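As a plain string of letters, each chain reads:
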Amino acid sequence: MKMINNLKGAHPPKVISDLRDLFKGSAEKFPDRIAYYFFGRDGKQHTWTFQDLYDNMNYVGTALFKLGLRGKRVAISGDQHPGWFCTFISVINGGGVSVPIDKDVSEEQFCKFVDWGRAEAIAYTAHFNGRMPELCKGMERIKYLFPIEPCEEDLQDPRVITFDKLVEMGREEIEKGNTEYLECPLNLEDFCALLFTSGTTGTSKGVMLSHGNLTAATNASCLSMSYDYNNKFVSVLPPFHTYEITCGQLAILNLGASILINDSLRHILKNFKQFKPNALMLVPRVVEIMHKKVWDEIRKRGMEKTVRAAMAVNKPLLACGIDIRKKLFGQITDAFGGELKSIVCGGAPISPEIIKDFYQFGITVLEGYGITECSPLVAVNSPGKVKFHSVGTAVKGCQVKIDVDDSEEGTGEILVKGDNVMMGYYENPEATAAVFTEDGWFRTGDIGRMDDEGYIFITGRKKNVIILSNGKNIFPEELEEYLAASHDILESVVVADENDVGKVVLTAIIVPVPELLEKSDDELVAMFKQFVEKLNSGLPSHKQIHSVKIRREEFEKNSSKKIVRYKIEH
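Presented here is a report on the structure given in the accompanying data block.

1. Some details on the overall build of the chain
Then step 1. Each helix and strand counted, the chain has 16 helices and 25 strands in total.
Then step 2. Expected size for 570 residues packed as a compact globule is a radius of gyration near 25 Å; at 24 Å, the chain falls within 12% of this value.
Then step 3. Considering only C-alpha atoms, the chain reaches an extent of 80 × 60 × 50 Å along its principal axes.
Then step 4. Each of the 570 residues in the chain was classed as buried or not, and the buried ones make up 57%.
Then step 5. For the chain, restricting intrachain contacts to residue pairs at least 6 apart in sequence, the fraction spanning at least 24 positions comes to 65%.

2. Things to note about unusual backbone geometry
Then step 1. A cis amide bond links Ser375 with the next residue in sequence, Pro376, at an omega value of -10 degrees.
Then step 2. Residue placement: Pro376 occurs in the loop between strand E13 (364-370) and strand E14 (377-380).
Then step 3. Backbone geometry places Ser375, a non-glycine residue, at a positive phi of 70 degrees.
Then step 4. By secondary structure assignment, the location of Ser375 is in the loop between E13 and E14.
Then step 5. Taking the relative accessible area as the measure of exposure, Ser375 reaches 0% and is therefore buried.

3. Quick look at helix H10 (residues 284-300)
Then step 1. With 17 residues, H10 extends 24 Å between its outermost C-alpha atoms, agreeing within 8% with the 24 Å of an ideal straight helix rising 1.5 Å per residue.
Then step 2. All of the buried residues in H10 are Pro284, Val286, Val287, Glu288, Met290, His291, Val294, Trp295 and Ile298.
Then step 3. The inward-facing, buried residues of H10 contact helix H9 (268-275), strand E11 (279-282), helix H11 (304-319), helix H12 (325-333), strand E12 (342-345) and helix H13 (352-361).
Then step 4. Trailing H10 by a residue or two, Gly302 shows a phi angle of about 65 degrees, which is positive.

4. Things to note about the packing of aromatic side chains
Then step 1. If you walk through the whole model with that rule in mind, you get 20 aromatic pairs.
Then step 2. An angle of 80 degrees between the planes, with centres 5.3 Å apart, marks the rings of Phe65 and Tyr181 as edge-to-face. Separated by 116 residues along the polypeptide, Phe65 in helix H2 (residues 50-66) and Tyr181 in the loop between helix H6 (163-175) and strand E7 (191-196) bring together distant segments of the chain. Accessibility assignment for this pair places Phe65 and Tyr181 in one class, buried.
Then step 3. An aromatic cluster is built from Tyr36, Phe38, Trp48 and Phe163, whose rings are joined through pairwise contacts.
Then step 4. Between Lys205 and the ring centre of Tyr425, over which it is positioned, the NZ or CZ distance is 5.6 Å.

5. Re the packing of H11 against H13
Then step 1. Where H11 meets H13, the closest approach of the two axes is 10 Å, and the angle between their N-to-C directions is 80 degrees. In terms of orientation, H11 lies roughly perpendicular with respect to H13. On H13, the residues that touch Val307, Met311, Asn314, Lys315 and Leu318 of H11 are Asp357, Tyr359, Gln360 and Phe361.

6. Remarks on helix H8 (residues 242-255)
Then step 1. Helix length check: H8, at 14 residues, gives a terminal C-alpha distance of 18 Å against a target of 20 Å (1.5 Å per residue), a fit within 8%.
Then step 2. Of all the 14 residues making up H8, 14 are buried; the element is thus mostly covered by neighbouring parts of the structure.
Then step 3. Just downstream of H8 lies Gly256, where phi reads positive at about 85 degrees.

7. Description of the side chain of Ser492
Then step 1. Mapped onto the secondary structure, Ser492 falls in strand E23 (residues 489-498).
Then step 2. Those residues in contact with Ser492 that sit more than four places away from it in its chain are Glu480, Leu483, Ile509, Ile510, Phe555 and Ile563.

8. As for the nonpolar core
Then step 1. Core analysis: the biggest nonpolar cluster contains 124 residues, and Phe23, Tyr36, Phe146, Leu253 and Met290 have the highest contact counts within it.
Then step 2. If near-sequence neighbours (up to four positions away) are discounted, Leu253 is found in contact with Leu22, Phe23, Ser26, Ala35, Tyr36, Phe50, Leu53, Phe85 and Ile259.
Then step 3. Of all hydrophobic cores here, the second largest spans 23 residues; its members include Ala75, Val97, Ile122 and Cys136.

9. Description of a nonpolar patch on the surface
Then step 1. Together, Ile322, Ile324 and Leu328 line one region of the surface with nonpolar side chains, adding up to about 210 Å² of accessible area.
Then step 2. By the element assignment, Ile324 lies in the loop between H11 and H12.
Then step 3. Looking at Ile324, the relative accessible area reads 31%, which means it is partly exposed.

10. A word on the side chain of Asn271
Then step 1. Checked against the element boundaries, Asn271 lands in helix H9.
Then step 2. On the accessibility criterion, Asn271 (2% relative accessible area) is buried.

11. Description of the state of the cysteines
Then step 1. For the coordinates displayed, the defined rule picks out 0 disulfides.
Then step 2. No disulfide involves Cys247; its sulfur sits 9.0 Å from that of Cys222, the nearest cysteine.
Then step 3. The cysteine Cys398 is free of any disulfide, with Cys374 supplying the nearest cysteine sulfur at 6.1 Å.

12. Some points on the packing of helix H1 (residues 19-29) against H2
Then step 1. Packing of H1 against H2 leaves a shortest axis separation of 8 Å and a crossing angle of 140 degrees. Crossing geometry of H1 relative to H2 is assigned as left-handed. Mapping the contact onto sequence places Phe23, Lys24, Ser26 and Ala27 in H1 and Phe50, Gln51, Leu53, Tyr54 and Met57 in H2.
Then step 2. Taken together, the residues of the contact of H1 with H2 sort by class into 6 nonpolar, 2 polar and 1 charged.

13. Things to note about the pattern of salt bridges
Then step 1. Tallying each qualifying case throughout the model produces 24 salt bridges.
Then step 2. The closest approach of N and O atoms between Lys387 and Asp451, which form a salt bridge, is 2.6 Å. Here Lys387, found in the loop between E14 and strand E15 (393-394), pairs with Asp451, found in the loop between strand E19 (442-450) and strand E20 (456-460); they are 64 residues apart in sequence, far enough to count as distant.
Then step 3. Among the salt bridges present, the one from Glu453 reaches Lys387, with a minimum N-O distance of 2.5 Å. Here Glu453 is found in the loop between E19 and E20, whereas its partner Lys387 is found in the loop between E14 and E15, with 66 residues between them in sequence.
Then step 4. For Lys387, a relative accessible area of 24% corresponds to the partly exposed category.
Then step 5. Linked by salt bridges that have partners in common, Lys66, Glu173 and Lys176 make up one network.

14. Points about the pairing of strand E9 (residues 232-235)
Then step 1. Bridging between E9 and strand E10 (residues 258-261) involves 4 bridges; their strand directions are parallel. From the neighbouring strand, Val234 faces E10, where its bridge partner is Leu260.
Then step 2. Between the parallel pair E9 and E10, the chain is carried across by H8, and the sense of this crossover is right-handed.

15. Digging into the sheet that holds strand E24 (residues 504-512)
Then step 1. Sheet architecture is open: 3 strands sit in the order E23-E24-E25, paired in mixed fashion. At either margin of the open sheet sits one strand with a lone partner, and together these are E23 and strand E25 (545-550). On average, adjacent strands in this sheet sit at an angle of 30 degrees to one another, irrespective of strand direction.
Then step 2. Bridge count for E23 against E24 is 9 bridges, and the pairing is antiparallel.

Definitions and limits used
Residues numbered from 1 in each chain as written. Predicted model: local features only at pLDDT ≥ 70, side-chain atom pairs only at ≥ 80, totals over all residues. Heavy atoms only, no water. Helix = DSSP H or I, 4+ residues; strand = E, 2+ residues; numbered from the N terminus. Rg over C-alpha atoms; globule rule 2.2 N^0.38 Å. Buried < 20%, exposed > 50% of the residue type's maximum accessible area, 1.4 Å probe, protein only. Contact = heavy atoms within 4.5 Å. Expected span 1.5 Å × (residues − 1). Phe/Tyr/Trp six-rings, centres within 6.5 Å; stacked < 30°, edge-to-face > 60°. Lys NZ or Arg CZ within 6 Å of the ring centre and 35° of its normal. Axes fitted to C-alpha atoms, helices over the stretch in contact; angles between N-to-C directions. Parallel < 35°, antiparallel > 145°, perpendicular 65-115°, else oblique. Core = buried A, V, L, I, M, F, W, Y, C linked by side-chain atoms within 4.5 Å. Patch = residues over 30% accessible without salt bridge, like charges linked within 9 Å, V, L, I, M, F, W, Y side chains within 5 Å. Areas by Shrake-Rupley, 256 points an atom, 1.4 Å probe, with all protein chains shown as cover. Salt bridge = Lys/Arg side-chain N within 4 Å of Asp/Glu carboxyl O. Disulfide = S-S within 2.5 Å. Left-handed = near helix turned anticlockwise from the far one by under 90°. Nonpolar A, V, L, I, M, F, W, Y, C, P; charged D, E, K, R; others polar. Pairing = 2+ DSSP bridges. Right-handed = clockwise from strand over helix to strand, strands pointing away.

See the structure below:
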């Protein structure tokens, strides 16, 4: 189905040479335009212009140099905040390495990542206020703590220098003629960001991205979309996520578009109505929630038959190029501010029915595909060129091919090559070698196919990673290792399933030991549920197993006796 392109007329984006060029260029072209709208701890809305962002980047970078952190590594964690991203980019544009960390990992894992990444300072948002100095008490390598919105308690630690103090320090240095940071040479081949994959039992990997990786991915993101400085976005994704870093921040700021930092998922619809975004970058779970709220409200008002009838009338009109969606469904789209035209959605599969419904209402959902190791953008559906079930075509500067498996015609592992592909896994040359072919193609571990027009179709997500609707990555081996502690389980596989309300949850498919096969499935499910409930009590919510299924024969295995995961039916 060919969709009507409602994103025509965008100004061509600037192709950046490096990330400093991005912020310098945006400040020169859009100095007084608002880059960020955000809510402070005082509950009030604040703003940064593009000039503010560029100046603060230079001030913070200059202060870091003065503190002896030139070329060093700085960990950054917490919630979305302009100061979070400003610190991230200040470090990178000074030749250092930013180490973003998920705020929701355990304290033990947080400390492990900080230590493993050899960070010498930590910047953090109010999420860690009152906890960070104590958390880092035994970390001798940490010289400084940079609270972005500090609390009085943290100020007692001698290592603490607030974000505002960094800005003040850097401004004073530049006013005195210190141009060391401003003139710091940048090399696109330099390591600039260390991002950790999920996992807590030795399965975590550190993805090393270069300055050139992020530059290439930013350019590709801008060139793939019909957006420009007239667009307004609401940022709702976690800041440590590469999708958010590249597509949700760097690319948008390069366009000169404005970003509202969403302060809470509870306030998301309220913020949509107030800010009136015309574009969004989301993961499927948020789109699913929006879709559900739309239909819940329609049914609540007893309007389902009327809306379905309007959709039936609208469909052939759209096919003829006649667009009256605003008139038919304006009340529905008003729930999102009334201006929303498109949503770029990546990180996990999304139901084609949701995409079709939103298109009927006047909102184009552009499904894409990415992976952290590719900075992350690999492919995306472009406006006016959408194919349902597909994640689109390879973005500019990125090549994709399928390593075809003869057992499945046209289907195989998705391979990628381009300037967006990572430098390698941090301190893990064996793992790095394992994911690259001899001629330099990166093995994504995802299974898919490609049609004659270059559209990519994911037929199985990663071989060994489950991606939930909210974008969280789950390593099934970790959970299977815990399940293996039961002597009653012969083998198991943890998969993603949908529950009754369409939410992606984790399901354990269990093969009992032969001695138990005389029991009924119901008896076996009841028995293993007790074990799983005990296991769940020690796991974070996103890693908990929600259901159990019984399998009475062993899983199909390859020649290496490894379970062929993408062929498992569930």
